[in-house]
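As a plain string of letters, each chain reads:
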Amino acid sequence: MSLKSISPQETRDLISHGAILIDIRAANEYAREHIAAARHVPMEDLKSSAPLDATAGLIFHCRSGNRTRMNAQTLSACAACEAYVLDGGLDAWKKAGLPVVTDTSQPMELQRQVQITAGSLVLLGAVLGATVSPWFHALSATIGAGLVFAGVSGFCGMASLLMRMPWNRKAVAG
């Protein structure tokens, strides 16, 4: 069975008729911001769970819709009923003016933290390399090499380090 994409308004209507909305994002993403009606079932848990069933159907979503599209085959196999994907994910839901639950005391999603940290360090290395000493360009090169390694291996040392930071210990488990 393939997953049909539906709009935020169609999603809202299906939820009002008993459909179950499943948020497949990581726990820290869900803790910071989510749709009130959504049940949090991370992608990793869905892969190992029994098929889900709901009379009015299941609707899967992530932040932008990319993860749900990339995992459509797996998500389809997780559904023992009619299943859908919220087109555009949480971002589209918010753009449509529909309500979300937000807890800004929760940490920013880890991927964004890595992007901010890596970008800042590369910029710092470039500026210091141009103004203080060319040796500072090694900082930018080191961060670039680390990002390449993370992409190739699937292990990101910077993310591992950031997860240990005090502000990330606040994340609520789903």
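See the structure printed just above.
Residues numbered from 1 in each chain as written. Predicted model: local features only at pLDDT ≥ 70, side-chain atom pairs only at ≥ 80, totals over all residues. Heavy atoms only, no water.

1. A few points about the nonpolar core
- Counting 16 residues, the largest nonpolar core has Leu3, Ile22, Ile24, Leu46, Leu58, Phe60 and Leu75 as the members making the most contacts within it.
- Contributions of two or more residues to this core are made by strand 2 (20-23), helix 3 (43-47), strand 5 (58-61) and strand 6 (83-86).
- If we ignore the near neighbours within four places in the chain, the residues touching Ile22 are Arg39, Val41, Leu46, Leu52, Leu58, Ile59, Phe60 and His61.
- With 11 residues, the next largest nonpolar core counts Ala19, Leu21, Ile35 and Ile59 among its residues. (Core = buried A, V, L, I, M, F, W, Y, C linked by side-chain atoms within 4.5 Å. Buried < 20%, exposed > 50% of the residue type's maximum accessible area, 1.4 Å probe, protein only. Helix = DSSP H or I, 4+ residues; strand = E, 2+ residues; numbered from the N terminus. Contact = heavy atoms within 4.5 Å.)

2. Regarding the packing of helix 7 (residues 110-131) against helix 8 (residues 137-153)
- Taken N-terminus to C-terminus, the directions of helix 7 and helix 8 make an angle of 155°; their axes are 6 Å apart at the nearest point. On the basis of their axis angle, the class for helix 7 and helix 8 is roughly antiparallel. The handedness of the crossing between helix 7 and helix 8 is left-handed. Here Ala118, Leu121, Val122, Leu124, Gly125, Ala126, Gly129 and Ala130 of helix 7 lie close against helix 8, whose contacting residues are His137, Leu139, Ser140, Ile143 and Leu147.
- In terms of residue class, the contact of helix 7 with helix 8 is built from 9 nonpolar, 4 polar and no charged. (Axes fitted to C-alpha atoms, helices over the stretch in contact; angles between N-to-C directions. Parallel < 35°, antiparallel > 145°, perpendicular 65-115°, else oblique. Left-handed = near helix turned anticlockwise from the far one by under 90°. Nonpolar A, V, L, I, M, F, W, Y, C, P; charged D, E, K, R; others polar.)

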